[in-house]
Amino acid sequence: MKVLLINGSPRQKGNTSIALAEIAKTLSEEGIDSEIVWIGNKPIAGCIACFSCTKTGKCIHSNDKVNEIIERLDEFDAIIVGAPVYYAGPAGQITAFLDRLFFAGDNKKFAGKLGAAVVSCRRAGSTAAFDRLNKYFTINNMPVISSQYWNQVHGFTPDDVRKDLEGMQTMRTLGRNMAYMLKCIEAGKKAGRNYELR
């Protein structure tokens with residue numbers, strides 16, 4: 001079992017990475033492998049509705065990690081997306097990235113995988129950003145994993161986020177909930193209960 005954590009912040013070691021690292025640590029403690037992929041800080045093109053991906057299975061834009069992740073989707077049982085909040089929404093880079101990832105990627109490859117969103121903000125706008133990110137999962141037959149509160153951390157700097165005790169606890173609870181559901185799915189498969197997209 002393996003979880004893909006996507007760091008959608010332009011800052012590789014910023015607030016979002018602190019939240020994702022806490023989840024990855026908890027997953028490891030629960031015996032679940034994970035990998036954090038940073039989307040980088042270069043411009044990311046948005047979807048141009050050319051529909052070439054419907055023929056090739058790949059996005060026409062090839063200067064970022066969208067196609068790399070599409071090719072690796074079968075490696076992962078769950079996807080957690082982390083993003084900073086800009087103007088009460090997820091940063092533009094991550095939404096452009098996810099628009100193309102979920103449109104160009106085969107819907108059947110996402111179906112049945114678990115999904116979760118995490119946002120980091122200084123003060124406000126977190127729930128609107130959180131809602132936007134969760135929509136990628138709910139349109140692709142992906143069960144969404146929750147925590148004890150909305151999946152958010154608060155702070156202006158990484159040190160601020162580390163001091164957000166409730167936020168960090170929320171990340172650990174999310175990691176444990178994700179691990180539990182992955183183990184339940186694995187037990188179901190062993191009992192002959194496999195997910196089928198109809």
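Residues numbered from 1 in each chain as written. Predicted model: local features only at pLDDT ≥ 70, side-chain atom pairs only at ≥ 80, totals over all residues. Heavy atoms only, no water.

S.K.: Which residues make up the overall build of the protein chain, and what are the values?
M.R.: Summing up its helical and strand segments, the protein chain has eight helices and six strands in all. Reading the protein chain from its N terminus to its C terminus gives the helix and strand order β-α-β-α-α-β-β-α-α-β-α-β-α-α. Since a compact globule built from 198 residues should have a radius of gyration of about 16 Å, the 16 Å found for the protein chain is in line with a globular shape. Counting only C-alpha atoms and orienting by the principal axes, one finds that the protein chain spans roughly 45 × 45 × 25 Å. The buried share of the protein chain, reckoned over its 198 residues, is 49%. (Helix = DSSP H or I, 4+ residues; strand = E, 2+ residues; numbered from the N terminus. Rg over C-alpha atoms; globule rule 2.2 N^0.38 Å. Buried < 20%, exposed > 50% of the residue type's maximum accessible area, 1.4 Å probe, protein only.)

S.K.: An account of empty space enclosed by the protein is requested, with residue identities and associated values reported.
M.R.: A full pass over the atoms with the stated rule returns one cavity of 30 Å³ or more. Looking at the largest cavity, it is lined by 14 residues, and the ones nearest its centre are Cys47, Cys50, Cys53, Cys59 and Phe103. For the lining of the largest cavity, the leading source of residues is helix H4 (residues 92-104), giving three residues. When the residues that make up the lining of the largest cavity are grouped by side-chain class, the tally is ten nonpolar, two polar and two charged. (1 Å grid on protein atoms, 1.4 Å probe; cavity = no way out; pocket = protein on both sides within 12 Å on 5 of 7 lines; lining within 4 Å. Points joined across faces, edges and corners; volume = space filled by probe spheres on them. Nonpolar A, V, L, I, M, F, W, Y, C, P; charged D, E, K, R; others polar.)

S.K.: I'd like a description of the pairing of strand S1 (residues 2-7), backed by residues and values.
M.R.: Most of S1 is tucked away: five of the six residues are buried. Handedness of the S1-helix H1 (residues 15-29)-strand S2 (residues 33-38) crossover: right-handed. Sheet topology places S1 next to strand S3 (residues 78-86); five bridges connect them, and they run parallel. When the bridges of S3 are listed, Ile6 appears paired with Val81. (Right-handed = clockwise from strand over helix to strand, strands pointing away. Pairing = 2+ DSSP bridges.)

S.K.: I'd love a proper account of the pattern of salt bridges, names of residues and values included.
M.R.: The tally for this structure, following the rule as stated, stands at ten salt bridges. With its nearest N and O atoms 2.9 Å apart, the salt bridge here joins Glu22 to Arg172. Separated by 150 residues along the polypeptide, Glu22 in helix H1 and Arg172 in helix H8 (residues 165-190) bring together distant segments of the chain. Residue classification places Arg172 among the partly exposed positions, given a relative accessible area of 25%. Between Arg100 and Asp64 there is a salt bridge; the shortest N-O distance is 2.7 Å. With Arg100 in helix H4 and Asp64 in the loop between helix H2 (53-56) and helix H3 (66-72), this pair connects stretches of sequence that are 36 residues apart. You'll find Arg100 and Asp64 in the same group, each marked buried. A network of salt bridges, in which partner residues are shared, links Lys2, Glu35, Arg72 and Glu75. (Salt bridge = Lys/Arg side-chain N within 4 Å of Asp/Glu carboxyl O.)

S.K.: Run through the environment of Leu182, naming residues and quoting values.
M.R.: Counting through the fold element by element, Leu182 comes out in helix H8. Sequence separation of Leu182 and Val144 is 38 residues, and the distance between their C-alpha atoms is 12 Å. The residues touching Leu182, leaving out its near neighbours within four places in the chain, are Met1, Val3, Ile32, Asp77, Ala78 and Leu114. (Contact = heavy atoms within 4.5 Å.)

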